[in-house]
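# Breakdown of the fold
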Amino acid sequence: MVENNCSECNACVQICKHQAIELKVNEEGFSYPCINIEKCIHCNLCIEVCPMQNGDKVKLSNLKVLAVQIKNNKTLQKSSSGGVFSLIANYVIKNNGIIYGAAWNAEMQLCHIGVETEKELERLRGSKYVHSYIGNVFQDIKVHLKNNRLVYFTGTPCQVAGLKLFLRKSYDNLITSDLICHGTPSQKIFDVFRHNMEIELNEKTVDYKFRDKSIAGWSCSSSSSLTIRKNGKKHFHIYNRNMRAYYLAFIKGDITREDCYSCPFTTVERVGDITLADFWGIDKFHHFFPNQNNGVSLVLINSQQGINIWENIKNDAISENSSIDIALQTCNKNLYEPTIRPCARNDSYKKAFNNFISFRDSYLLQENPSKIYISYYKRKIKQIKCIEYLWKLINK
Ligand SMILES: Cc1cc2nc3c(=O)[nH]c(=O)nc-3n(C[C@H](O)[C@H](O)[C@H](O)COP(=O)(O)OP(=O)(O)OC[C@H]3O[C@@H](n4cnc5c(N)ncnc54)[C@H](O)[C@@H]3O)c2cc1C
C-alpha cells in the first residue's frame, strides 16, 4: 500500500476489470489502493483514471461568476450556502434524472448515493465535513448515461475529476458540480467524536447537520445533532461539546487527509460544470441580496453545459454577476491554495484516538457555548414576533 497522492475517489478500483485493486484502510481511517501483482495485467488504466495524476486533463476554464440565492426560503434554510445545489437538483428531477451526492446511511457513515425524488433529495442537502465513500457509483452512473438518463453528480473536485476520467468520454446528459473544498477528515475520526457524544447522552445519533442555519444564521456556522433515546423519542441538540470540537478541528485543518494539503484542484480552473461555494464576505461586494444572512452561494460556471443549466434555473434564484477577481478576494482561500498543513496535524489522530478528552478540550478553551444558545433563542423569539405581527395584520 503506497500512502501517497490518492484522494480515495475509488475510480481505479472501479475501472479495473481484473479486480486487481483493493482499498486498504490505514490507522487514521483513510483508504489507499493496494495492487494485487498476481492479478494485475499492467494495462495502466488505474493510472489514467487517477485524478491526482491526470486531473489536469479534465480541468475547465471559468466562463461566468455569480452570486446566487435560491428564492425558496424553506430550501435556503436547509442548504449550507445559497441553495444552488437544490436549484440544479430540482431541475434534474423535473427532467426525470438522477442525482448523486453525499448522504448519511443508517449507521451514520457518509456515502455517495443516487436519488430520484424531491423527498430523497433532503438526504443530500447540506455539507458534511467527512470523506464520502464512493463505492461503485461511477459504474452505476455510466449505465444511466448510456441509457440516456440525465445524471447530476456532486462532490469534491477530486471525486468529480475521478468520475470524468473514469468515464473517458464526455456525455451531454451529465451535469457535474464540484465544491471549493477545504479538505476531508476520515470517517473514523468523525466516529470517535460522535461515539463520545452518544456515550455522554446515552442516545443514538440519527442525523447530524454541520451547518444548521436555524441556530445562528449562515455566517456563524453552528452544528446540530438529532439523536434518538432508548424510548424512541427524538432529541434535537443545538450544541454538543464533542461535535463542536470536531468542527473546530476541521476548520483549523488539523484532521484533514494528508493528500489534501497538496490538492491539485485548488485553482480557478475547475473540474465541474458548475462550482459551488459560500460567498463569504458578500456584503463587501454585492448589496443586492435582501436576506444576506440566510446564505449566498459563490457560483463559478465553467462550461457550456453549466451555462445551459443556469439559463434553466435562474428564474428561481436571486442573482448578481460577479467576477473571478472578486471570488479571489473572498475568504475562499481554497480557490487558489490548498489548506496549509498545521504542525498539530503531526499527532492529531494519535491524540484523538488515545487521549480523546484532552484532545477535544484543547479546542474548547476559547469557546463560549452560551453565545450559541442566546443566538438560537433570539432567532426563535424573532420568528414568533414575526408571526404575531403577521397575525395582527391579518386581523386588521
Ligand atoms: C468537505 C467540504 C469542504 C468544503 N469547503 C469549502 C470551503 O472551503 N469554502 C467554501 O466556500 N465552500 C466549501 N464547501 C462547500 C460549501 O460548504 C457548500 O457545500 C456549497 O456552497 C454548496 O452549498 P449549497 O447551499 O448550494 O448546497 P447544499 O444543499 O449545502 O449541498 C451540498 C452538496 O455538497 C455535497 N456534499 C456534502 N458533503 C459532501 C462530502 N463530504 N463530499 C462530497 N460531497 C459532499 C452534497 O451531496 C450536496 O450536493 C465545502 C463542502 C464540503 C463537503
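It should be emphasised that the depicted structure is a prediction, and the values quoted were computed from it without experimental measurement.

### Some words on the nonpolar core
If you look at the biggest cluster of nonpolar residues, it comprises 36 residues, and the most contacted ones within it are Trp104, Phe190, Phe193, Phe210, Tyr246 and Ile255. Among the secondary structure elements, those contributing two or more residues to this core are strand 4 (98-104), helix 9 (187-201), helix 10 (213-216), helix 11 (241-252), helix 15 (348-354), helix 16 (356-364) and helix 17 (369-395). If one sorts the elements of this core by residue count, helix 11 sits on top with seven residues. Two domains each provide a minimum of three residues to this core, namely domain 2 (55-185 + 255-335) and domain 3 (187-253 + 355-391). Tryptophan 104 has contacts with Gln109, Leu110, Arg123, Lys128, Val130, Phe190, Asp207, Tyr208 and Phe210, leaving out every residue within four places of it along the chain. With 32 residues, the next largest nonpolar core counts Ile15, Ala20, Met52 and Leu163 among its residues.

### Section: the site of the ligand
Around the ligand there are 36 residues in total, and Ser81, Ser127, Lys128, Ile180 and Asn332 lie nearest to it. Between the ligand and arginine 211 there is a distance of 3.3 Å, counted from an oxygen atom to a side-chain nitrogen or oxygen. Protein burial of the ligand: of its 890 Å² of free accessible surface, 97% is covered by the chains. Top contributing element to the shell around the ligand by residue count: strand 11 (residues 274-278), with three residues.

### Quick look at the domain arrangement of the chain
Domain boundaries assigned for the chain yield domain 1 (11-54), domain 2 (55-185 + 255-335) and domain 3 (187-253 + 355-391). For domain 2 and domain 3, the distance between their C-alpha centroids amounts to 25 Å. Each partner contributes residues to the interface: domain 2 has 30 residues there, and domain 3 has 24 residues. Around 2,300 Å² of area is buried between domain 2 and domain 3 when both sides are counted, 56% of it from carbon and sulfur atoms. Three residues stand out in domain 2 for area buried against domain 3, namely Met108, Tyr129 and Ile255, and they jointly supply 32% of the buried area on that side. Applying the counting criterion to the domain 2 and domain 3 interface returns one salt bridge.

Cut-offs used in this document
- Here the residue numbering is sequential within each chain, running from 1 through the sequence in written order.
- Side-chain atom pairs in this predicted model are given and counted only at pLDDT of 80 or more, local residue features only at pLDDT of at least 70, and totals for whole chains, interfaces and linings cover all residues.
- Calculation of side-chain values draws on the structure's entire complement of heavy atoms; hydrogens and water are dropped beforehand.
- To form a nonpolar core, buried Ala, Val, Leu, Ile, Met, Phe, Trp, Tyr and Cys residues must be joined to one another through side-chain atoms within 4.5 Å.
- Remark: exposure states derive from per-residue accessible area (1.4 Å probe, protein chains only) relative to the maximum for the residue type, with buried under 20%, exposed over 50%, and partly exposed in between.
- A helix here means a DSSP run of H or I that spans at least four residues, while a strand means a run of E at least two residues long, and both kinds are numbered starting from the N terminus.
- Domain start and end points were adopted from an automatic or database domain assignment.
- We call two residues in contact when some of their heavy atoms are within 4.5 Å.
- Near residues are defined by distance, with any heavy atom within 4 Å of the molecule or strand qualifying the residue.
- Throughout this description, a polar contact denotes any pair of N or O atoms lying within 3.5 Å of each other; where both atoms belong to protein, one of them has to be capable of donating a hydrogen while the other can accept it, and for residues adjacent in sequence the pair is counted only when both atoms sit in side chains.
- Throughout, the Shrake-Rupley method with a 1.4 Å probe supplies accessible areas, and for residues the shown protein chains are the sole cover considered.
- Note on definitions: buried area is the accessible-area loss of two parts on being combined, 1.4 Å probe, summed for both.
- Criterion for a salt bridge: a side-chain nitrogen of Lys or Arg within 4 Å of a carboxyl oxygen of Asp or Glu.

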